[in-house]
Amino acid sequence: MKRALAVTRMHLIDHMTLWALPTGILFSALAINLAVWTVIDRGDRHTGGIASIYCFVAVVAALAVVRGLPFAMSLGSSRRAFTNGTVITGAVIGAAFGTLCFALQLIEHASDGWGMGGNFFWFTWFGTSWALSWLLFVVSLIAAFAVGGFFGSVVGRFQMWTVIIGAPAFILVGGGLAVLVTWQGWWHDIWGWFADLTPATTTLWCAVLALACTAGSWAVLRRYRVS
Amino acid sequence: MTTTPAIEVTGLSRRFRGAVALEDVDLVVEPDTIVGLMGRNGAGKTTLMALLAGQDFPTSGTVRIFGEDPVENDAVLAQLCFVREAQQYPNNFRVSHVLGIGPQFYPEWDAELAERLVDTFRLPRRRQVQKLSRGMRAAVGVITGLASQAPLTVFDEPVLGLDATSRQLFYDELIKAYAEHPRTFLLSTHLIDEAAAALEQVVVLDRGRVAMSGNVDELRRRASTLTGPVDSVHQLIGSAPVLHQEPLGGYVRATVELAPSPDLRSRAQALGVDVAPVPLQALVVRTGLLGAPEDNPASEGAL
């Protein structure tokens, strides 16, 4: 546990990159959206700007594994201690940014969408339960971290093979699924499934995704060797 | 009472897709020893170090560090620090971050020493490690290894890229650190004679096998350089294995597996032949040139 926490501290030591940068990105995305809303006069004021924080968290996780693991292992960290420490890091980052997003959502709600009916932190239908709304932010950000971490694990372990085998495989599998879904006429059901998601089920699916990616990362990192 | 060796490697082999990186390596390093790991490029030095640090998996054979398998063994790994020549650092990691994180991994981390060495090596604390020059990056690695006070500290090419002054500083600090807190150091280097003064034991790898291994002083005593008239030198050599011979007009300089004993010296003096000890580097170079260890007269260790 002590070794795992050392890894967590290693991941979290760079405050500038970890906290200041994404907060800056989030606020500038918000500022740009607010500016656009003032200029453009349209009823529908939704935006996907919040995706920036999810992308950032995923990239941080991928880099944390690819670059952090060789360094941690040189300081005598085991693969297991590194994985545990990185999972704790994901929880800390998810909780911190999730709480920040939730707080901003509260402000957005209280200020009637920044005074112009805007929806930046746009999970308005989650407003049914504030506790669940907070939980969804946290869990979905942890899921983003886990997805990025899994990608980093694969790249870290297999390096060039990830691209050589991974890219064609992704296209084949993805394309094959699309053909299958079209052929069977499942598109309607799939969109319907997304439309039927509630805050509770979305949180649950995010948790499943996070767990699956973490298990996948460990399966890949168990036999990782530094090269 | 027998002490557990710091490093005990038995029949260790590592193959990569058919290519042999290490073949049947046996090695024992007693605790509190400074060992030099030598050999030509591609001899298997880094592979051996990675296996010792539990960063790689053996194809066959065993590795024991302080009596235990290092792979995924937190108790052993906590006593180990392995700084690579091309050490990777986390994204945006600065020199100050390395100094800050060291104590988290090593309870015995010597912060005072680390701070002093940063000044000695003139490292900019705020600079990102990946953006430092090669020599400065090497210095960061040297500082990490020395300040960690890890019972087993492994350095892969620690002085590569360091200027002459910094290299001397490293050897001085290494000996000082060892004198203050005896521990085991394993370091690979190509600058053999420069490092020789700090080393007690050397292991020479050649094409994945141990070509030569032993105490530095004993190895040096195994051979002599004889310089003198051709006939006289050959008379002294007799049937002893010749490692190297250089003709110099009517003279010859031969590196021979003959101990520079008082007897040899007095016979040489009578014949007008000069006897000199063999520098460690010359011995290692000859070992590397002689090819496969099977037909290598200087070999020992794994065979």
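As the structure is a prediction and not an experimental result, all values here were calculated from the model. (Residues numbered from 1 in each chain as written. Chains lettered and ligands numbered in written order. Predicted model: local features only at pLDDT ≥ 70, side-chain atom pairs only at ≥ 80, totals over all residues. Heavy atoms only, no water.)

**Here we look at the overall build of chain B**
Let me state the cut-off plainly: Here a strand is any run of E in DSSP of at least two residues, a helix any run of H or I of at least four, and the numbering for each starts at the N terminus. Computation of the radius of gyration draws on C-alpha atoms alone. For the globule rule, the value is 2.2 Å times the number of residues to the power 0.38. Partly exposed residues are those whose accessible area sits between 20% and 50% of the maximum for their type, while under 20% is buried and over 50% is exposed, using a 1.4 Å probe and protein chains only. Contacts are residue-level and defined by heavy atoms, with any inter-residue pair within 4.5 Å sufficient. When charges are counted, Lys and Arg contribute as positive and Asp and Glu as negative, whereas His and the chain ends are disregarded. Taken as the charge centre is NZ of Lys, CZ of Arg, CG of Asp or CD of Glu, depending on the residue.
The helix and strand tally for chain B stands at 11 helices and 13 strands. Taken over the C-alpha trace, chain B has a radius of gyration of 21 Å; the compact-globule value for 303 residues is 19 Å, and the two agree within 12%. With the principal axes as the frame, chain B shows a C-alpha extent of 65 × 40 × 40 Å. Residues counted as buried form 52% of the 303 residues belonging to chain B. Within chain B, contacts between residues separated by at least 24 positions form 68% of all contacts whose residues are at least 6 apart in sequence. Of note, chain B has its 28 positive side-chain charges centred 8 Å away from the centre of its 37 negative side-chain charges.

**Focus on the overall build of chain A**
The cut-off we apply is this: Each accessible area is a Shrake-Rupley result for a 1.4 Å probe, and residues are judged covered by the shown protein chains and nothing else.
A count of helical and extended segments in chain A gives 9 helices and 0 strands. Beginning at the N terminus, the succession of helices and strands in chain A can be written as α-α-α-α-α-α-α-α-α. Projecting the C-alpha coordinates of chain A onto the three principal axes gives extents of approximately 55 × 50 × 30 Å. For chain A, buried positions account for 44% of its 227 residues. The long-range fraction of contacts in chain A, counting pairs at least 24 apart against all pairs at least 6 apart in sequence, stands at 82%. Total accessible area on chain A is roughly 11,600 Å²; 75% of this is exposed by carbon and sulfur atoms. Each charge sign in chain A was given a centre, from 12 positive and 7 negative side chains, and these centres are 32 Å apart.

**What to know about the packing of helix α3 (residues 51–74) of chain A against helix α4 (residues 79–110) of chain A**
Two measures define how a pair of helices packs: the angle their axes make with one another and the distance between the axes. Residues and elements named next belong to chain A. Using the following cut-off: Here an axis means a line fitted to C-alpha atoms, over the contact stretch when the element is a helix, while the angle between two N-to-C directions is reported on a 0 to 180 degree scale. Throughout, the term roughly parallel applies to angles under 35 degrees, roughly antiparallel to angles over 145, roughly perpendicular to angles from 65 to 115, and oblique to all others. For any pair of crossing helices, the crossing counts as left-handed if the nearer helix is rotated counterclockwise from the farther one by less than a right angle, and right-handed if it is rotated clockwise. Three categories are distinguished: nonpolar for Ala, Val, Leu, Ile, Met, Phe, Trp, Tyr, Cys and Pro, charged for Asp, Glu, Lys and Arg, and polar for the others, with Gly belonging to the last.
Relative to each other, α3 and α4 sit at 155 degrees, their axes nearing to 11 Å. Between α3 and α4, the angle is such that the two are roughly antiparallel. Considering how the two elements wind past one another, α3 and α4 form a crossing that is right-handed. Note on element contacts: α4 touches α3 through R79, F82, T86, I93, F97 and C101, opposite I53, V57, V60, A64, V65, G68, L69, A72 and M73. Considered class by class, the residues forming the contact of α3 with α4 number 12 nonpolar, 2 polar and 1 charged.

**Re the sheet that holds strand β6 (residues 152–156) of chain B**
Residues and elements named next belong to chain B. Heads up, the condition is: Here, any two strands with at least 2 DSSP bridges between them count as paired.
In spatial order, the strands read β5-β6-β7-β3-β8-β9; together these 6 strands make up an open sheet with mixed pairing. Among the strands making up the open sheet, the edge pair consists of β5 (80–83) and β9 (209–215). Between one strand and the next, the sheet's axes are offset by a mean angle of 15 degrees, whatever the strand orientation. Relative to β6, β5 is paired through 4 bridges, and the arrangement is parallel. Bridge pairing links C81 to T153 in β6. Across the face of the sheet, helix α6 (residues 164–180) comes into contact with β3 (34–39), β6 and β7 (184–188) while running at roughly 160 degrees to β7.

**Observations concerning the domain arrangement of chain B**
The following threshold applies: Source of the domain bounds: an automatic or database domain assignment.
As assigned here, chain B comprises domain 1 (7–218) and domain 2 (222–299). Its C-alpha centre places domain 1 of chain B at a distance of 33 Å from the equivalent point of domain 2 of chain B.

**Observations regarding the sheet that holds strand β2 (residues 19–29) of chain B**
All names here are of chain B. In spatial order, the strands read β2-β1-β4; together these 3 strands make up an open sheet with antiparallel pairing. Every other strand in the sheet has two partners, leaving β2 and β4 (60–65) as the edge strands with one partner each. Strand-to-strand twist of the sheet, defined as the mean angle between neighbouring strand axes without regard to direction, takes the value 20 degrees. Against the sheet, helix α1 (residues 45–52) touches β1 (7–16), β2 and β4, its axis set at about 120 degrees to β1.

**Topic: the interface of chain B and chain A**
Frequently, the measure chosen for interface size is the accessible area removed from exposure when the parts meet. Note the threshold: Buried area, as used here, totals the accessible surface that two parts lose on assembly, with accessibility defined by a 1.4 Å probe and the loss added over both. Whenever Lys or Arg places a side-chain nitrogen within 4 Å of a carboxyl oxygen from Asp or Glu, that contact is recorded as a salt bridge. For this analysis, a polar contact is any N or O atom pair within 3.5 Å, provided that within protein one partner can donate a hydrogen and the other can accept it, and provided that sequence-adjacent residues contribute only side-chain to side-chain pairs.
Each partner contributes residues to the interface: chain B has 31 residues there, and chain A has 32 residues. With both chains or domains summed, chain B and chain A bury close to 3,000 Å², and 55% of this area falls on carbon and sulfur atoms. Along the contact surface separating chain B from chain A lie 1 salt bridge. Between R79(A) and E72(B) there is a salt bridge, with its nearest N and O atoms 3.0 Å apart. Linking chain B to chain A there are 15 residue pairs in polar contact (both at pLDDT 80 or more). For the side of chain B that touches chain A, the secondary-structure elements that each account for two or more residues are β1, α2 (74–77), β5 and α3 (95–105) of chain B. Among the elements that make up the side of chain B that touches chain A, the one with the highest residue count is α3(B) (5 residues). Looking at the side of chain B that touches chain A residue by residue, the class counts come to 14 nonpolar, 11 polar and 6 charged.

**Describing a nonpolar patch on the surface**
Residue and element names in this part refer to chain A. Counted only if it meets this: Patches were defined on residues exceeding 30% relative accessible area and lacking a salt bridge, with like-charge contacts within 9 Å and nonpolar side-chain contacts (Val, Leu, Ile, Met, Phe, Trp, Tyr) within 5 Å.
On the surface, a cluster of nonpolar side chains totalling about 800 Å² of accessible area is made up of W187, W191, W193, F194, L204, W205 and V208. Looking at which element gives the most residues to the nonpolar patch, the answer is helix α8 (residues 187–195), with 4 residues. Among the structural elements, W191 can be located in helix α8.

**Some remarks on the environment of G149(A)**
All names here are of chain A. Along the chain, the position of G149 falls in helix α6 (residues 130–158). Owing to a relative accessible area of 8%, G149 belongs among the buried residues under this scheme. Sequence spacing of G149 and V60 is 89 residues, and the spatial spacing of their C-alpha atoms is 8.3 Å. Each residue touching G149, except ones within four places of it in the same chain, is listed here: A61, A62, V65 and S217.

**Description of the pattern of salt bridges**
Residue and element names in this part refer to chain B. Within this structure, the stated rule accounts for 11 salt bridges over all chains. The salt bridge involving E85 is made with R134; its shortest N-O contact spans 2.4 Å. Highlighted residues: E85 in the loop between β5 and α3 and R134 in helix α5 (residues 134–148), separated in sequence by 49 residues.

**Focus: helix α7 (residues 160–184) of chain A**
Filter applied, for reference: Multiply 1.5 Å by the residue count of a helix minus one, and that product is the helix's expected span. One axis is fitted to the seven residues ending at the residue and one to the seven starting there. The bend at that residue is the angle between these axes.
The terminal C-alpha atoms of α7(A), which comprises 25 residues, lie 36 Å apart, in line with the 36 Å expected from a rise of 1.5 Å per residue. G166(A) marks the point of greatest bend in α7(A), at about 35 degrees, and the proline P168(A) comes within the next four residues.

**A short note on the side chain of T153(B)**
Residues and elements named next belong to chain B. Position of T153 among the secondary structure elements: in strand β6. The exposure class of T153 is buried, given its relative accessible area of 0%. At 3.0 Å, the side chain of T153 and the backbone oxygen of A150 are in polar contact. Once residues lying within four places of it in the same chain are set aside, the contact partners of T153 are C81, G145, S148, R183, T184, F185 and L186.

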